[in-house]
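Report on the structure
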Amino acid sequence: MTGKIKLLLWGLVAINVAALLWVGVISPRMAASVSDDIGRGDYALQITDGRTFTQASLEDGPSAVFFGFTHCPEVCPTTLGDILTWQEELGADEDALKVYFVTVDPERDTAEILGDYVGWVPGVVGVTGAQVEVDKALDAFKIYAAKVPLDDGDYTMDHSASVLLFDSKGRYSDRVRYQEDPDVALGKLKKLLES
C-alpha cells in the first residue's frame, strides 16, 4: 500500500510539474511566437507620400495598419470614419499614431487613387505596390484577402477587417475589430500611445 501511495504522489508531482511548465514556459512561447511574427516580412510597398512601406516603417512610432480597397462598399469607408473619430477623441495625441491603409486590390488602387481615397482622414496614408509585394504583406500581417467575381463581370474583394496596432518598436500590440465598441477601441489606442 505504501508503494502505491508513493507512486500516486509522484504521479501528482509529475502532473503539477507538467502543468507549471505548460503555463509558465510552453504556452507563453507559443503565443509570443505567433504575435511576434505579425508585420514581419520582406515586403516593400509604395506609400502615397512617396516613401516606401516596409517592416521598418512600423518601428517609426506607434502605428495602426488596416487592409482594404477603394471600391469597398461599406467596411473600408466605415473603418476610415472610425479612425477619424478616434483621432478626434485622442486630440493632441492623434499625430503620435501613424495610420497605414494597405490595399488588397493593387490592380485598381494606384498610389494616386489611394491618396485621394484616404485624403479626407488626416494623417492616414495609402499603401500599394505590385501584387507580389502586396501578397508578401498579406502573409506577413496574417491578412485574408480574396477576389470575388460579380455577376456583371466586375469583382469585389473579401478581406480581414481589423485594424492592427503596433508599438513604437514595430511589435504587434493588439487589434481593433470592425466596429468595436468606441470606448474599447480608444482604450486600446491610449494604451498603445502610453507604452
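Before reading further, recall that the structure is shown in the block above.
Computed from a predicted structure; not experimentally measured.

Moving on, we get to the overall build of the chain. Looking only at helices and strands, the chain features five helices and nine strands. Each helix and strand of the chain, placed in order from N terminus to C terminus, yields the pattern α-β-β-β-α-β-α-β-α-β-β-β-β-α. For the chain, the share of sequence-separated contacts (at least 6 apart) that also reach a separation of at least 24 residues comes to 69%. Looking at the chain as shown, the accessible area adds up to about 10,900 Å², and 57% of this sits on carbon and sulfur atoms.

Backbone hydrogen bonds hold the strands of a sheet together, and the pairing may be parallel or antiparallel. Across the sheet, which stays open at both edges, the seven strands sit in the order β2-β1-β5-β4-β3-β8-β9 with mixed pairing between neighbours. Bordering the open sheet on either side are β2 (52-53) and β9 (172-176), each of which pairs with just one other strand. The pairing of strand β3 (residues 63-68) with strand β4 (residues 98-103) spans six bridges and is parallel. By the bridge assignment for β4, S63 is matched with K98.

A separate point is a negative patch on the surface. On the surface, a cluster of negative charge is contributed by E88, E89, D181 and D183. By the secondary structure assignment, E89 is in helix α2 (residues 75-90).

Moving on, we come to the nonpolar core. F53, F67, F101 and F141 are the most contacted members of the largest nonpolar core, which totals 48 residues. When near neighbours in sequence (up to four residues on either side) are disregarded, F67 contacts V102, V104, A137, L138, F141, I143, H159 and S160.

For strand β5 (residues 124-128), the buried fraction is high: five of the five residues fall into the buried class. In this structure, strand β1 (residues 45-47) lies alongside β5, joined through two bridges in antiparallel fashion. Bridge pairing in β5 links I47 to V127. Here β4 runs beside β5; their pairing, made up of four bridges, is parallel.

Reading the values: the criteria
Residues numbered from 1 in each chain as written. Predicted model: local features only at pLDDT ≥ 70, side-chain atom pairs only at ≥ 80, totals over all residues. Heavy atoms only, no water. Helix = DSSP H or I, 4+ residues; strand = E, 2+ residues; numbered from the N terminus. Contact = heavy atoms within 4.5 Å. Areas by Shrake-Rupley, 256 points an atom, 1.4 Å probe, with all protein chains shown as cover. Pairing = 2+ DSSP bridges. Patch = residues over 30% accessible without salt bridge, like charges linked within 9 Å, V, L, I, M, F, W, Y side chains within 5 Å. Salt bridge = Lys/Arg side-chain N within 4 Å of Asp/Glu carboxyl O. Lys, Arg positive; Asp, Glu negative; His and termini not counted. Charge placed at Lys NZ, Arg CZ, Asp CG, Glu CD. Core = buried A, V, L, I, M, F, W, Y, C linked by side-chain atoms within 4.5 Å. Buried < 20%, exposed > 50% of the residue type's maximum accessible area, 1.4 Å probe, protein only.

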